[in-house]
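Here are the chains, one letter per residue:
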Amino acid sequence: MTMASDIQRLEARLTLLEDQLAIYQVINGYGYAVDGLNAEAVGACYVENGVYAVGDIGNIDGRDAIEAITRDAGHRALVAGGCAHMSTVPHVVIDGDQAVATCHTMVALHRDDGFVIGRLSASRLSLARQQDGGWKIVHRQNYLLNGDPAASALLGELKTGPTHA
Amino acid sequence: MTMASDIQRLEARLTLLEDQLAIYQVINGYGYAVDGLNAEAVGACYVENGVYAVGDIGNIDGRDAIEAITRDAGHRALVAGGCAHMSTVPHVVIDGDQAVATCHTMVALHRDDGFVIGRLSASRLSLARQQDGGWKIVHRQNYLLNGDPAASALLGELKTGPTHA
Amino acid sequence: MTMASDIQRLEARLTLLEDQLAIYQVINGYGYAVDGLNAEAVGACYVENGVYAVGDIGNIDGRDAIEAITRDAGHRALVAGGCAHMSTVPHVVIDGDQAVATCHTMVALHRDDGFVIGRLSASRLSLARQQDGGWKIVHRQNYLLNGDPAASALLGELKTGPTHA
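Each residue is numbered by its place in its chain's sequence as written, counting from 1. Chains and ligands are labelled sequentially in the order written, the chains with letters from A and the ligands with numbers from 1. Confidence filtering applies because this is a predicted model: local features only for residues at pLDDT of at least 70, side-chain atom pairs given and counted only at 80 or more, and all residues used for totals across whole chains, interfaces and linings. The side-chain quantities take in all heavy atoms of the structure and omit both hydrogens and water.

Secondary structure elements follow DSSP: runs of H or I of four or more residues count as helices, runs of E of two or more count as strands, with numbering from the N terminus. Counting its secondary structure elements, chain A contains five helices and seven strands. Secondary structure elements in chain A, listed N-terminal to C-terminal, are α-α-β-β-α-α-β-β-β-β-β-α. On the principal axes, the C-alpha backbone points of chain A span a range of 65 × 35 × 30 Å. Looking at the 165 residues of chain A, the share that counts as buried comes to 55%. Contacts: residue pairs with any heavy atoms within 4.5 Å of one another. Put simply, of all contacts in chain A between residues at least 6 apart along the chain, 53% involve residues at least 24 apart. Accessible area of chain A: about 6,600 Å², with a carbon and sulfur share of 50%. Exposure is judged per residue with a 1.4 Å probe applied to protein chains only, and the accessible area is read against the type maximum: over 50% gives exposed, under 20% gives buried, and values in between give partly exposed. Note on areas: Shrake-Rupley with a 1.4 Å probe; residue coverage comes only from the protein chains shown.

In this section: the interface of chain C and chain A. In this complex, chain C contributes 37 residues to the contact, which on the side of chain A involves 34 residues. The largest share of the area that chain C buries against chain A comes from Gln25, Tyr32 and Phe115 of chain C, three residues that together contribute 28% of it. Here, a salt bridge means any side-chain nitrogen of Lys or Arg that lies within 4 Å of a carboxyl oxygen of Asp or Glu. Scanning the region where chain C abuts chain A turns up three salt bridges. For the salt bridge of Arg13 of chain A with Glu11 of chain C, the shortest nitrogen-to-oxygen distance reads 2.7 Å. Pairs of N or O atoms within 3.5 Å make up the polar contacts considered here, provided that, within protein, one atom can donate a hydrogen while the other can accept it, and that residues adjacent in sequence are counted only when both atoms are side-chain atoms. On the surface where chain C and chain A come into contact, there are eleven residue pairs in polar contact (both at pLDDT 80 or more). Broken down by secondary-structure element, the contributors of at least two residues to the side of chain C that touches chain A are helix H1 (2-35), helix H4 (73-81), strand S3 (83-87), strand S5 (98-111) and strand S6 (114-129) of chain C. Top contributing element to the side of chain C that touches chain A by residue count: H1 of chain C, with 17 residues. A simple way to read buried area is as the amount of 1.4 Å-probe accessible surface that goes missing from two parts once joined, with both sides added.

Our next topic: the packing of helix H1 (residues 2-35) of chain B against H1 of chain C. Running from N to C, H1 of chain B and H1 of chain C point in directions that differ by 30°, and their axes come no closer than 10 Å. With respect to each other, H1 of chain B and H1 of chain C are oriented roughly parallel. Viewed along their axes, H1 of chain B and H1 of chain C form a crossing whose handedness is left-handed. Of the residues in H1 of chain C, those touching H1 of chain B at Met3, Ala4, Ile7, Leu10, Glu11, Leu14, Thr15, Leu17, Glu18, Leu21, Tyr24 and Gln25 of chain B are Met3, Asp6, Ile7, Arg9, Leu10, Arg13, Leu14, Leu17, Gln20, Leu21 and Tyr24 of chain C. Throughout, the ten residues Ala, Val, Leu, Ile, Met, Phe, Trp, Tyr, Cys and Pro are labelled nonpolar, Asp, Glu, Lys and Arg are labelled charged, and all others, Gly among them, are labelled polar. Residue composition of the contact of H1 of chain B with H1 of chain C, by class: 15 nonpolar, three polar and five charged. Axis definition: a line fitted to C-alpha atoms, over the contacting stretch in the case of helices. Angles run 0 to 180 degrees between N-to-C directions. For classification purposes, an angle smaller than 35 degrees is called roughly parallel, one larger than 145 roughly antiparallel, one from 65 to 115 roughly perpendicular, and anything else oblique. In this scheme the handedness of a crossing depends on how the near helix is turned from the far one: anticlockwise by less than a right angle means left-handed, clockwise means right-handed.

Time to look at the UniProt feature "domain: SnoaL-like" (unreviewed entry) in chain A. UniProt positions are given in the numbering used here, feature names are shortened, and annotations may be inferred rather than shown by experiment. Feature annotation in UniProt assigns "domain: SnoaL-like" (unreviewed entry) to the following positions: residues 17-140 of chain A. The straight-line gap between the two end C-alpha atoms of residues 17-140 of chain A is 22 Å; of that span, 31% is helix and 48% is strand.

Overlaying chain B with chain A gives an RMSD of 0.0 Å, the required rotation being 120° about an axis along which the chain moves by 0.0 Å. Overall, the copies show the geometry of a three-fold rotation axis. Overlaid copies result from least-squares superposition on C-alpha atoms, with residues included only where pLDDT is at least 70 in both.

Below, the discussion takes up empty space enclosed by the protein. The probe, sized like a water molecule, is rolled over the atoms to show the empty space still left. The way it works is a 1 Å grid over only the protein atoms, where trapped points that fit a 1.4 Å probe form a cavity and open points with protein on both sides within 12 Å along at least five of seven lines form a pocket, and then any residue with an atom within 4 Å of a point lines it. Grid points are joined across faces, edges and corners, and a volume is the space filled by probe spheres set on the points. One pass over the structure, following the stated rule, counts six cavities of 30 Å³ or more. Residue lining of the largest cavity: 15 residues in total, with Ser87 and Thr88 of chain A, Ser87 and Thr88 of chain B together with Ser87 of chain C positioned closest to the centre. Broken down by secondary-structure element, the contributors of at least two residues to the lining of the largest cavity are strand S3 (83-87) of chain A, strand S3 (83-87) of chain B together with S3 of chain C. Its residues placed into classes, the lining of the largest cavity shows nine nonpolar, six polar and no charged. By volume, the second largest cavity amounts to about 50 Å³. Surrounding the second largest cavity, Leu10, Glu11 and Leu14 of chain A, Leu10, Glu11 and Leu14 of chain B together with Leu10, Glu11 and Leu14 of chain C form its lining. For the lining of the second largest cavity, the secondary structure elements donating two or more residues are helix H1 (2-35) of chain A, H1 of chain B together with H1 of chain C.

A word on the interface of chain B and chain A. Where interface size is given, it is often the accessible area lost as the parts come together that is meant. The partner chain A presents 37 residues to the 34 residues of chain B that form the contact. Of the roughly 2,900 Å² buried at the junction of chain B and chain A (both faces included), carbon and sulfur atoms supply 68%. The three residues of chain B that bury the most area against chain A are Arg13, Leu17 and Val89 of chain B, which together make up 19% of that side's buried surface. In this assembly, chain B and chain A are joined by three salt bridges. For the interface between chain B and chain A, the tally reads eleven residue pairs in polar contact (both at pLDDT 80 or more). Only H1, strand S4 (91-95), strand S5 (98-111), strand S6 (114-129) and helix H5 (149-156) of chain B provide two or more residues apiece to the side of chain B that touches chain A.

As structure tokens, then:
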């Protein structure tokens, strides 16, 4: 059945592309959701026991704690003053139902004469395919790019080659 | 006819991915075109009666007026001094022939010792599929992220879930 | 054989999307690899006789010389102090086995009170499909956006319309 197998092969390639774009949606969507104080949308980026590990600050453990960023007084002060949580285009490597994405993430802050970049980090995200076909973050490791060798090391572990492992 | 319906199903999934990438091309292409003073390419991003609504400045109504940004003395002074109109990766929700994209947009400006971010906005774009299959912007709403609650509210309206509604 | 030709047509559309995302991986992956001092991953972004032409600095000729950026004392000092080489979402035009991508690229640098944008350039990349189906950079032209008319001209040459030429 050549045509049936052709269709299966096309579907596998299509799924990889859907996966990559779904991962873009999650990673970039997180930033918009957190700036928008949308707790549900923030939580939806992570699995229930997901971890957001920030090298110079500590770990935020579990979806509830990550959602609670939107109610944190410090975060609310940033939003009230004007801020933007932004990610670059992630480099994505998909291996079946798991994926690793590498990107830069930054927080820009409003000042009287424009905006400054307050934080800029190297970020590695481990994601897992969900039952409904979507993707969520299992673990996100950030290291501030302040000369911390861990930040450069994280970026250097980038896999080369095709999107799929 | 299982295989025929398989093909139709694959085509529908493929079209969604094409749509999402075409929307990336329009949103990011606008920035390159406006920095490049390419009036035709700027205009091609918008439908004929498209609107570019800038919260703290006002509305620019219609493709001709939006194209005319490339001839505006203020814009030309920015370009002559060195500037970059940049967008982050948009979060895209497609619903048939309509789509909503959410992103951050910014304008960086050259200074003696590097570049500063002069403007940074929350941006929501409504786009429509065109007869030729491409996508154009119908309405773009920007709010400067200077603490204006409308900017955070716009980002918070982000839909979660899959690309298609 | 309608269904066979349907499958061929779908495959051609799928390949275009794979190409566009593979080009995103190369362009953004370069920045992570160079910040991560991963010589092999940096080199893998370019064909063997690839050229990285930097308007205000000069040409870096060949994969070996481009890889050697990761061993350059000046580059290592940037990484040791904290830096991020970032690209915006490229606008991609694919024509068979060749592609042209346009984007902004920047280098952010750590300072005591946050990060500054040290360099910000208009960038045009010519890429070629490889035997294994992947894409590599043949030529990358950067112009610093310091008011150099060549930078704006490069961005203005952006093609409008669909991804494929």
